[in-house]
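The lines below spell out each chain.
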Amino acid sequence: KYCGICHSDLHSIRAEWPIPSMYPMVPGHEIAGIVRAVGSQVTKFKVGDRVGVGCIVDSCRECGNCSKGLEQFCAKGNTGTYNSKATYYGKSGPKTKVLEGHSAEYTFGGYSQSIVVTEECVVRIPDSIDLAASAPLLCAGITTYSPL
């Protein structure tokens, strides 16, 4: 529903990072919205929940870092919200997903119509917080909190 813009999105669009940018690109990693659907194994969220997503949509969830809640340091490599190889680990092991309507095997971010995220990479946004105003917190808030 809402997505903030971060300067790192602009760097990605302009291909200013050492890793290659893939086009077409749909940036956005400050995402706040409403759950529209859940998979059969999802237990933490239901349709209609107010949620946020930051810069990661999946990780192996098995390595030492993931088991400590440090998915950003996943030993097998996490799946970024956008411009990342679309590897979804799930219960049946890693698989690359070709996104519907595209030949690309990489993720599209918060400016797309929808996004698929493992529940471990989703946070609940309380009703007391304005949904639109919460989106930028999913980058700057996480960036500030992590070193603490």
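Everything that follows concerns the structure shown earlier in this document.
Because the structure is a prediction, the values reported are computed rather than measured. (Residues numbered from 1 in each chain as written. Predicted model: local features only at pLDDT ≥ 70, side-chain atom pairs only at ≥ 80, totals over all residues. Heavy atoms only, no water.)

Section: the sheet that holds strand β1 (residues 2-3)
Strand pairs in the sheet, formed through backbone hydrogen bonds, run parallel or antiparallel to each other.
Phase 1 of the analysis: Read across the open sheet, the four strands follow the order β1-β2-β3-β8; overall the sheet is antiparallel. Edge positions in the sheet fall to β1 and β8 (122-124), since each of these pairs with one other strand and no more.
Phase 2 of the analysis: One ladder, built from two bridges, connects β1 with strand β2 (residues 31-34); its direction is antiparallel. Its bridge partner lying in β2, C3 is registered against I31. (Pairing = 2+ DSSP bridges. Helix = DSSP H or I, 4+ residues; strand = E, 2+ residues; numbered from the N terminus.)

Here's the deal with the pattern of salt bridges
Phase 1 of the analysis: Per the counting criterion, the structure on display carries six salt bridges.
Phase 2 of the analysis: Two residues, R61 and D58, come together in a salt bridge whose shortest N-O distance is 2.9 Å.
Phase 3 of the analysis: Looking at R61, the relative accessible area reads 26%, which means it is partly exposed.
Phase 4 of the analysis: D58 gets classed as buried once you look at its relative accessible area, which sits at 2%.
Phase 5 of the analysis: The closest approach of N and O atoms between E62 and K76, which form a salt bridge, is 3.4 Å. (Salt bridge = Lys/Arg side-chain N within 4 Å of Asp/Glu carboxyl O. Buried < 20%, exposed > 50% of the residue type's maximum accessible area, 1.4 Å probe, protein only.)

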